Structure formats: structure tokens, C-alpha cells
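# Examination of the molecular architecture
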Amino acid sequence: MQAAAIDEAMMRHALVLARRGLGRTWPNPSVGAVIWRMQGDQPIVVGRGYTQPGGRPHAETQAIAMAGEAAHGAAMAVTLEPCSHHGKTPPCAEAIIRSGISRVISAIEDPDPRVKGSGHALLRQAGVAVETGLLEDEARALNLGFIHRVIDHRPLVTLKLAQTSDGFAGVTGRQLMVSSAASKHRVHLARAAHDAIMVGIGTVLADNPDLTCRLPGMMQFSPVRIVIDTHLNTPIDSRLVETCQSVPTWIVAGPNIPFEKADALRAQGVVIEQVELGSDRRVDLGLALQRLAERGLTRILSEGGPLLAEGLAKVDVVDCVSLYTSPEPLGRDGNLAVLPGLKKALGDKKRFMVSKPVASGRDTLVQYKRRG
Ligand code: AOF
Ligand code: ZN
């Protein structure tokens, strides 16, 4: 195997490891690290690690612990610059130097102002060979939530939308089930890979949803549930409130809310974040996202409804969209799944890349990704 091909294979392996942590490492990024040695012309992996739930231990120290003595003189591929700061854990760069690893290939620089190049510098000063930029685009995509939190002070926002073949999300008071079993599986997997699921109060009142990950064996990966609820109308006996001891429920409300209701919700264990109203007299969504990032969230999946999606499009914070279309029409008038602002944004090829449609059971899935 050629040296460059080995490096790339190891970095791909590290990216796969990093993906395991998505949705579970906030406020930290999910990083992957692989340590290998050469035996003749064959690479032998001696250590693997990824950021652990809650964001620590970091990937590198996990991989070094697995490699033990074998790390000496070995190489490491890591999906994000090793940290150099004394945070809640000691710096990974120091752990790498101590382990005797002689070469590090690192995909991208850590945007955290406490690191930002100083991890690479520390390694180089100690005589470790450092190369950066391998599979940079893939690593950036994987860390995009963390990058948004640190640089733009908001989480990455992905919309999940479902529509009938004639473009409706349902009728008022009732969201129609337009997704096949395969689509539901995809959505539940997506839930597990996000830090939080967000809905508007309309969806809570219409559907009384659980918003948990219900794939067998994955219940513990249910993320935080967030309701955008300007006037604090979330019912005390809703599923989101009744189950908030096992899966956190946060409500983002406006400044003027009935304090008795707020006390009752807090007594159940609901977290209430109050933010100013926007010009439409609803919670200012830009401000709401900023507060959620301050609480550490990096990746949010918005699951409804169309009005919330439109509100997010209006403040230009939609990063990705998964649009599921069922084969059946609604066949009458209903609520449009994609409202004009979002439709215009998604139709702009300069702003969004569009995937080819893929089959998801009987549904069709199209994904949009913001450019740049
Ligand atoms: C790494 N490897 O696996 C992760 C890193 O509060 P602390 O001490 O855990 O530090 C958090 C910062 O560490 C975070 O903002 C980011 O810069 C970096 N995350 N770094 O070397 C990892 N998760
Ligand atoms: Zn670290």
C-alpha cells in the first residue's frame, strides 16, 4: 500500500469513529483518532478512540490508552487539531508528545479560540511531524455543528420536512403521517445524531409527540427536546412534560409568560429559556438559537412544523433540509409543507446544493445543503 493511501485510509477510519459520537458530545465536537504502526509495508492499527459522551475524555487520549507502549514511534490520524489548553481535561497535544507518537496527520484546525493552531504548534515544537488538511471537507462537514457554535454562536440547523405528493404537510390541527417505515427509521437515526430536536408549539398541541429515538437499543440516544412556545401553551399533561425526567425538555418562551404555569412546568423538571420577541411578536428565532448555543447545543434537528421551518428560513439559519415526499396526494386543500420563504431559499442554486432523489421505502428523499 502506498503511504498516501494509508494516510487516507486511516483518516477515513478516524472519521467513521468520530461519526459515532455525533449527538452525544455537545458542547464539544465529536473527534476520531487512529494510531497505527508499519509492519513491513502493512499498517497495523494499535489504537482507536472517539470523543466520549458529554465531550470527554477526548478522542486522542482514548486511542493512546488503547495503544499503550505501541504508541511509541507510531503515527496518529485525527479529525480535529489536538487540543492544547488545560480545560476540563489536560491537553491532548501533551498526551501525544508523552506517548512518543512521532507523526500526526490532522484534518482541520480547531476553531476554539483556546486552541486555534496552538495544538499543532505545540506538537511541532516537540519534534512531532505534523501534516494538516487531509480530508478537510469531510472533517469540516462532520464538525459543522461545533464550528457554528464557536464561530457563529448558533447551532447547525437541519430541517426534517414531510409532504404529500401534492406538497401538503397536513390539515390544521392534524399533521398527516406521510412517512413510510423506512423514512421513520431514517428520522429516528437522525434524531440520535443530533443534540436536540426542535418543534413549534403547534406541533405539540396537534400531535402530543414523544420526540424520542425509538429504534431498538437506541432509546438512550434520545436528544434534548425543545419547544418554541412564545406564550407558554405547552400542556402540563403533554408527553414532553410527563417524560422530561428521563429525556430533557426545554421550552423557549417569550418575556411575558404566566408565572404560575412557568413554576408548574419547572417543578416537573422542564427548563424554560426566555427570549425577546421578534417583529412578528413571536420568539426571536435568531436569539433563541444563540441562547441554545450558549447552553452548549451544536446540532439541532427541527421537526416541525412548516411555520417554524419558515421562521428559521426568514432569519437565514437553515443549513440542511431532508424533505420526504410520500407517493399519495392529500387531494384537498391543506397546510403547505414548504412555505414561500423556504421555497425561495431552497430553489436558489447559489445558496443550496440539492441531492439526487433517493427512495426511502415508498417515499422519496431529497436533501439540501447550504453552500460555503
Ligand atoms: C480534542 N479532542 O476529542 C475533543 C476536543 O472542556 P474540555 O477540556 O473538554 O475542552 C473542550 C474543547 O476541546 C472544545 O471546545 C474543543 O476545542 C476541544 N475538543 N479536542 O483534542 C476531542 N472533543
Ligand atoms: Zn483534547
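Structural notes, computed from the coordinates. No experiment lies behind these values; they were computed from the predicted model shown.

Take the coordination of the zinc ion (ligand 2) next. His 58 (ND1), Cys 83 (SG) and Cys 92 (SG) make up the full set of protein donors to the zinc ion (ligand 2), lying at 2.0 to 2.2 Å. Here the zinc ion (ligand 2) binds four donor atoms, and the angle range of 99 to 120° at the metal identifies the geometry as tetrahedral. Counting gaps between the donor residues of the zinc ion (ligand 2) yields the pattern H-x24-C-x8-C. With His 58 in the loop between strand 2 (42–50) and helix 2 (59–67) and Cys 83 in the loop between strand 3 (75–78) and helix 3 (92–99), the pair connects residues that are 25 residues apart, well separated along the chain. You can call Cys 83 buried: its relative accessible area is 5%.

Our next topic: the packing of aromatic side chains. A ring pair, where both rings are aromatic, is described by two values, the distance of the centres and the angle of the planes. Tallied over the full model, the rule gives one aromatic pair. A centroid spacing of 6.1 Å and a plane angle of 80° characterise the contact between Trp 26 and Trp 250, whose relative ring orientation is edge-to-face. With Trp 26 in the loop between helix 1 (3–20) and strand 1 (32–39) and Trp 250 in strand 11 (residues 249–253), this pair connects stretches of sequence that are 224 residues apart. Judged by its relative accessible area of 23%, Trp 26 is partly exposed. Positioned above the aromatic ring of Phe 221 is the side chain of Arg 24, whose terminal nitrogen or guanidinium carbon lies 3.8 Å from the ring centre. Over the aromatic face of Trp 250 sits the side chain of Arg 295, whose NZ or CZ is 5.4 Å from the ring centroid.

A few words now on the site of ligand 1. Close to ligand 1 lie 21 residues, the nearest being Arg 56, Glu 60, Lys 88, Asp 110 and Asp 112. Within the contact set of ligand 1, an oxygen atom lies 3.0 Å away from a side-chain nitrogen or oxygen of His 85. At a separation of 2.7 Å, an oxygen atom of ligand 1 approaches a polar backbone atom of Lys 88. Class assignment of the residues belonging to the shell around ligand 1 gives a composition of eight nonpolar, six polar and seven charged.

Once that is clear, we can look at the environment of Pro 255. Along the polypeptide, Pro 255 turns up in the loop between strand 11 and helix 10 (259–268). On a C-alpha basis, the gap between Pro 255 and Gln 163 in space is 34 Å, while along the polypeptide they are 92 residues apart. Apart from the residues within four sequence positions on either side, Pro 255 is in contact with Gln 274, Val 275, Glu 276 and Leu 277.

This part takes up the nonpolar core. In this structure, Ile 35, Met 76, Ile 101 and Val 104 are the most contacted members of the largest nonpolar core, which totals 37 residues. Ranked by residue count, the leading element in this core is helix 1, at six residues. Not counting the four nearest positions on each side in its chain, Ile 101 is found in contact with Ile 35, Ile 64, Ala 71, Gly 73, Ala 74, Ala 75, Met 76, Ile 96 and Val 128. The next biggest cluster of nonpolar side chains, apart from the first, holds 35 residues, and it includes Leu 159, Met 198, Leu 323 and Leu 346.

Further remarks concern helix 12 (residues 306–314). Helix 12 sits mainly inside the fold: seven of its nine residues count as buried. Where helix 12 is concerned, the buried positions are Pro 306, Leu 308, Ala 309, Glu 310, Gly 311, Leu 312 and Ala 313. Backbone geometry just downstream of helix 12 places Asp 316 in the positive-phi region, at approximately 55°.

Counted by the stated rule, this structure contains two cavities of 30 Å³ or more. Within this model, the largest cavity holds a volume of roughly 80 Å³. Forming the walls of the largest cavity are 15 residues, and the residues nearest its centre are Leu 22, Pro 29, Ser 30, Thr 298 and Arg 299. By residue number, the principal contributor to the lining of the largest cavity is helix 6 (residues 144–152), which donates three residues. Taken domain by domain, the makeup of the lining of the largest cavity includes at least three residues from each of domain 1 (3–146) and domain 2 (154–370). For the second largest cavity, the calculated volume is near 30 Å³. Taken together, Ala 313, Asp 316, Val 318, Leu 342, Ala 345, Arg 351 and Phe 352 form the lining of the second largest cavity. Class assignment for the residues of the lining of the second largest cavity results in five nonpolar, no polar and two charged.

Reading the values: the criteria
Residues numbered from 1 in each chain as written. Chains lettered and ligands numbered in written order. Predicted model: local features only at pLDDT ≥ 70, side-chain atom pairs only at ≥ 80, totals over all residues. Heavy atoms only, no water. Donors = N, O, S within 2.8 Å, 3.2 Å for Na, K, Ca; no water. Tetrahedral: all angles 85-135°; square planar, octahedral: opposite > 155°, others 65-115°. Helix = DSSP H or I, 4+ residues; strand = E, 2+ residues; numbered from the N terminus. Buried < 20%, exposed > 50% of the residue type's maximum accessible area, 1.4 Å probe, protein only. Phe/Tyr/Trp six-rings, centres within 6.5 Å; stacked < 30°, edge-to-face > 60°. Lys NZ or Arg CZ within 6 Å of the ring centre and 35° of its normal. Near = heavy atom within 4 Å. Polar contact = N/O pair within 3.5 Å; in protein donor to acceptor, adjacent residues only side chain to side chain. Nonpolar A, V, L, I, M, F, W, Y, C, P; charged D, E, K, R; others polar. Contact = heavy atoms within 4.5 Å. Core = buried A, V, L, I, M, F, W, Y, C linked by side-chain atoms within 4.5 Å. 1 Å grid on protein atoms, 1.4 Å probe; cavity = no way out; pocket = protein on both sides within 12 Å on 5 of 7 lines; lining within 4 Å. Points joined across faces, edges and corners; volume = space filled by probe spheres on them. Domains from an automatic or database assignment.

Geometric descriptors of this kind do not, in isolation, establish any biological role.
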